Amino acid sequence: MIRAGLRWLLGLFYALAGSIHLADPAPFLTIMPRWVPAPEAVVFWTGIAELLGAAALVQWASLPLRRAGAIGLALYAVCVFPANIHHFALDMAQPDGGLGLGYHIPRMIAQPLIAWLALWTGGVTDWPLRRR
């Protein structure tokens, strides 16, 4: 029951994030590292990936599709980590310290936890909660 509830919560989180990527890409473009080619297209397709991953994660008809969505969202969380690091560096370099360590440190810690949560709620892994 907890796993299903967290799966829906994570699905809603990714659906909201994907919608925001599509509706207002400007904030995401400002934190995009310069080495990323075609940043507008990347923000658009990451929004699409979040929406598709969320839909796959919360659907109940196919466990393989749910697992594929979970793996996709976990990989997504890993792949956007460089943009989060870049945002951290840019923000902390501002004269006022930007959003500050109180925002960025929890965000850095949360990223791998979100990747694991996608895999756990999607039924890809039971680690470390499996009963012996």
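Residues numbered from 1 in each chain as written. Predicted model: local features only at pLDDT ≥ 70, side-chain atom pairs only at ≥ 80, totals over all residues. Heavy atoms only, no water.

### Quick look at the overall build of the chain
Here comes step 1: A tally of helices and strands in the chain yields six helices and zero strands.
Here comes step 2: Along its sequence from the N terminus, the chain presents helices and strands in the succession α-α-α-α-α-α.
Here comes step 3: Seen through its principal axes, the chain has C-alpha atoms that stretch 50 × 30 × 20 Å.
Here comes step 4: The buried share of the chain, taken over its 132 residues, is 35%.
Here comes step 5: With an accessible surface of roughly 8,200 Å², the chain has 74% of that area assigned to carbon and sulfur atoms.
Here comes step 6: Side-chain charges in the chain split into 9 positive and 6 negative, and the spacing between the mean points of these groups amounts to 21 Å. (Helix = DSSP H or I, 4+ residues; strand = E, 2+ residues; numbered from the N terminus. Buried < 20%, exposed > 50% of the residue type's maximum accessible area, 1.4 Å probe, protein only. Areas by Shrake-Rupley, 256 points an atom, 1.4 Å probe, with all protein chains shown as cover. Lys, Arg positive; Asp, Glu negative; His and termini not counted. Charge placed at Lys NZ, Arg CZ, Asp CG, Glu CD.)

### Here we look at the environment of Asp 24
Here comes step 1: Considering the arrangement of structural elements, one finds Asp 24 in the loop between helix 1 (2-23) and helix 2 (26-30).
Here comes step 2: Using a relative accessible area of 41% as the deciding quantity, one classes Asp 24 as partly exposed.
Here comes step 3: On a C-alpha basis, the gap between Asp 24 and Phe 44 in space is 9.8 Å, while along the polypeptide they are 20 residues apart.

### Examining helix 1
Here comes step 1: Between its terminal C-alpha atoms helix 1 stretches 31 Å, which fits the 32 Å expected from 22 residues at 1.5 Å a residue.
Here comes step 2: Those residues of helix 1 lying buried are Arg 7, Leu 10, Gly 11, Tyr 14, Ala 17, Gly 18 and His 21. Mapping the buried residues of helix 1 onto a view down its axis gives an arc of 130 degrees, with all of them on the same face. Facing away from the buried side of helix 1 by more than 90 degrees, the exposed set consists of Ile 2, Leu 9, Leu 12, Leu 16 and Ala 23.
Here comes step 3: The inward-facing, buried residues of helix 1 contact helix 2, helix 3 (39-58), helix 4 (63-79) and helix 6 (101-121). (Expected span 1.5 Å × (residues − 1). Arc of directions from axis to C-beta. Contact = heavy atoms within 4.5 Å.)

From the geometry alone we can't say anything about function, so treat these as descriptive.
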